[in-house]
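Tertiary structure, described
Now for the letters of each chain:
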Amino acid sequence: MVILHIASVNDDLCAGVSVAVPQHIISQQKIAEVGFVNLTNIKIAGIKNQFEYKKTFSIKDLEPPFSSPDIVIFHEIYRPEYFQISRNLRRNNIPYIILAHGGFTKEAQKKKRLKKLVANNTFFRSYIKNATAFQCLSELEIKNSLSKKMKFIGTNGVFVPDRIKENFSKSEVRIIYIGRLEVHIKGIDLMLEAVSSVADFMREKNAVLNIYGPEVLNWVDEIKSIIAEKDIGDIVKVNSAITGVNKENALIESDLFIQTSRTEGMPMSILEAMSYGVPCIVTEGTNMGEFVERYDSGWVAQTSSEAIAEAIKKAVLDRVNWKNKSSNARKLIEDEFSWDKVSKETIETYKEIIRELKK
């Protein structure tokens, strides 16, 4: 089977798509012929069959067998280049799938709503309308997707690391968040409101929240402003983005991971945290609540500051179960989200879609 992925991936290793897309490709290349066109033309380490993007893109200009792939996967929606590329694919009778990474859900469409409404009905209309299917990252994304096309789950995964958390702190509670610092979608405003409401409790328990993320747009300033307004700077620290070994060490040294998103596709940061055995506090909006509850690997809250505050208190007071939840988190990843498992299932779905098209 020949698969071609098309995406805009940069070197921001904290951005979900820039982390997830290379991992999708690297893992799929173990079991299929997989190529990659990166709109940024940045070469990504570990990926074979990378092709330069040109404004005069034509699928037939790629070297075989990628000049006639069985299927093409577009990552995200609102890339102007996709209009021309998808039209070229249609002219050559090559089917394509859109993997929106949570960007076509009801909640995500509320951001820049008018601009997206116009785009959906004008410039991007034919690109969206003529997709063979939408690949979703979770059942919840399928439920909340605005697409009327066929939808299926082909989720994110994680490479299971050799290291695993073995010890938890005894006299403090180290809570960590790693990811984009987008205040609304990631629910960081809800997280900080929750921390504010249990601030005295956190001080009593010697609990501190460390937030790590890239300093882009005005997100950091907005977060620091909320922290100052709520007078919680002694228990909430904002740090620059971390990657590689530094991120691995930060996770291993933390006791709890927290993510309070309003909406997600399938959050890589939570998968990574659990792969190291870090118990997680998550909202229903992360799409991970069902798994966390099923495997007893953390604490799940409704997507509100009040519920998040209660979940933080429960997690901090549940120290006696941290080790057990840590083991459960690792097992969850091994059972459900290892890249080997995810890629095999996703490619089988691609094959089934192609078989149906040929009938």
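This text gives an overview of the structure that appears in the document. Because the structure is a prediction, the values reported are computed rather than measured. (Residues numbered from 1 in each chain as written. Predicted model: local features only at pLDDT ≥ 70, side-chain atom pairs only at ≥ 80, totals over all residues. Heavy atoms only, no water.)

**Description of the sheet that holds strand β5 (residues 96-99)**
Pairing in this open sheet of seven strands is parallel, and the strands run β3-β2-β1-β4-β5-β6-β7 from one edge to the other. Of all strands in the sheet, those with a lone pairing partner are β3 (50-51) and β7 (150-153), marking the two edges. Relative to β7, strand β6 (residues 133-136) runs parallel, the two sharing four bridges. When the sheet's bridge partners are listed, Cys 136 is paired in β7 with Ile 153. Relative to the sheet, helix α2 (residues 80-91) contacts β1 (2-7), β4 (71-75) and β5, its axis offset from that of β4 by approximately 170°. Across the sheet, helix α15 (residues 339-358) lies against β1, β4, β5, β6 and β7, angled at about 155° from β7, the strand it touches most. (Pairing = 2+ DSSP bridges. Helix = DSSP H or I, 4+ residues; strand = E, 2+ residues; numbered from the N terminus. Contact = heavy atoms within 4.5 Å. Axes fitted to C-alpha atoms, helices over the stretch in contact; angles between N-to-C directions.)

**Considerations on the side chain of Asn 38**
Within the secondary structure, Asn 38 sits in strand β2 (residues 33-38). Within the structure, Asn 38 has its side chain in polar contact with the backbone nitrogen of Val 9 (distance 2.8 Å). When neighbours within four sequence positions are excluded, Asn 38 is seen to be in contact with Ala 7, Ser 8, Val 9, Ile 44, Phe 51 and Tyr 53. (Polar contact = N/O pair within 3.5 Å; in protein donor to acceptor, adjacent residues only side chain to side chain.)

**Here's the deal with the packing of aromatic side chains**
Aromatic ring pairs are described here by two measures, namely the spacing of the ring centres and the angle between the planes. A complete count under the given rule lists 17 aromatic pairs for this structure. Here the aromatic cluster, defined as three or more aromatic residues joined through ring pairs, consists of Phe 74, Tyr 78, Tyr 82, Phe 83, Tyr 96, Phe 123, Phe 124 and Tyr 127. Between the NZ or CZ atom of Lys 313 and the centre of the ring of Phe 201, over which it lies, the distance is 5.6 Å. Above the face of the Trp 299 ring, Lys 325 is positioned so that its terminal group lies 5.0 Å from the ring centre. (Phe/Tyr/Trp six-rings, centres within 6.5 Å; stacked < 30°, edge-to-face > 60°. Lys NZ or Arg CZ within 6 Å of the ring centre and 35° of its normal.)

**Side note on the nonpolar core**
Judged by nonpolar contacts, the single largest core of 79 residues is most densely connected at Ile 6, Phe 74, Tyr 127, Phe 257, Met 274 and Met 288. Once residues within four sequence positions are removed from consideration, Tyr 127 is found in contact with Phe 74, Glu 76, Ile 77, Tyr 82, Ser 86, Arg 90, Tyr 96 and Ile 98. In terms of nonpolar packing, the next biggest core, distinct from the first, is built from 40 residues, Ile 175, Ala 194, Ile 211 and Trp 299 among them. (Core = buried A, V, L, I, M, F, W, Y, C linked by side-chain atoms within 4.5 Å. Buried < 20%, exposed > 50% of the residue type's maximum accessible area, 1.4 Å probe, protein only.)

**Here we look at the packing of helix α7 (residues 188-197) against helix α9 (residues 219-230)**
Contact pair α7 / α9: the axes reach a minimum separation of 10 Å and the direction vectors enclose 20°. Classified by the angle between their axes, α7 and α9 sit roughly parallel to one another. The chirality of how α7 crosses α9 is right-handed. When α7 is examined against α9, the residues Ile 188, Asp 189, Leu 192, Glu 193 and Ser 196 are found in contact with a partner set consisting of Ile 223, Ile 226, Ile 227 and Lys 230. Residues belonging to the contact of α7 with α9 are distributed by class as follows: five nonpolar, one polar and three charged. (Parallel < 35°, antiparallel > 145°, perpendicular 65-115°, else oblique. Left-handed = near helix turned anticlockwise from the far one by under 90°. Nonpolar A, V, L, I, M, F, W, Y, C, P; charged D, E, K, R; others polar.)

**What to know about the sheet that holds strand β11 (residues 256-259)**
On the basis of which strands lie adjacent, the open sheet formed by six strands has the order β10-β9-β8-β11-β12-β13 and parallel pairing. Among the strands making up the open sheet, the edge pair consists of β10 (236-239) and β13 (298-301). This sheet shows a mean twist of 20° between the axes of neighbouring strands, independent of strand direction. As paired strands, β11 and strand β12 (residues 280-283) are joined by three bridges and run parallel to one another. Counted as the bridge partner of Ile 258 is Ile 281 from β12. Its contacts with the sheet put helix α11 (residues 268-275) on β8 (173-178), β11 and β12, and the angle it makes with β11 is roughly 170°.

**Description of a nonpolar patch on the surface**
A cluster of nonpolar side chains, Leu 114, Leu 117 and Val 118, forms an exposed patch at the surface whose accessible area comes to about 280 Å². Judged by relative accessible area, which is 45%, Val 118 ranks as partly exposed. (Patch = residues over 30% accessible without salt bridge, like charges linked within 9 Å, V, L, I, M, F, W, Y side chains within 5 Å. Areas by Shrake-Rupley, 256 points an atom, 1.4 Å probe, with all protein chains shown as cover. Salt bridge = Lys/Arg side-chain N within 4 Å of Asp/Glu carboxyl O.)

**Notes on the side chain of Glu 264**
As for its position among the elements, Glu 264 is in the loop between β11 and α11. In this view, Glu 264 contacts Lys 186, Gln 259, Gly 285, Thr 286 and Asn 287; residues no more than four positions away in its chain are not counted.

**So, unusual backbone geometry**
The omega angle of the peptide bond from Pro 64 to Pro 65 is 0°, so this bond is cis rather than trans. The residue Pro 65 is located in the loop between β3 and β4 in this model. Even without a glycine there, the phi angle at Asn 41 is positive, about 60°. Tracing the sequence through the fold places Asn 41 in the loop between β2 and β3.

In short, geometric facts, not functional conclusions.
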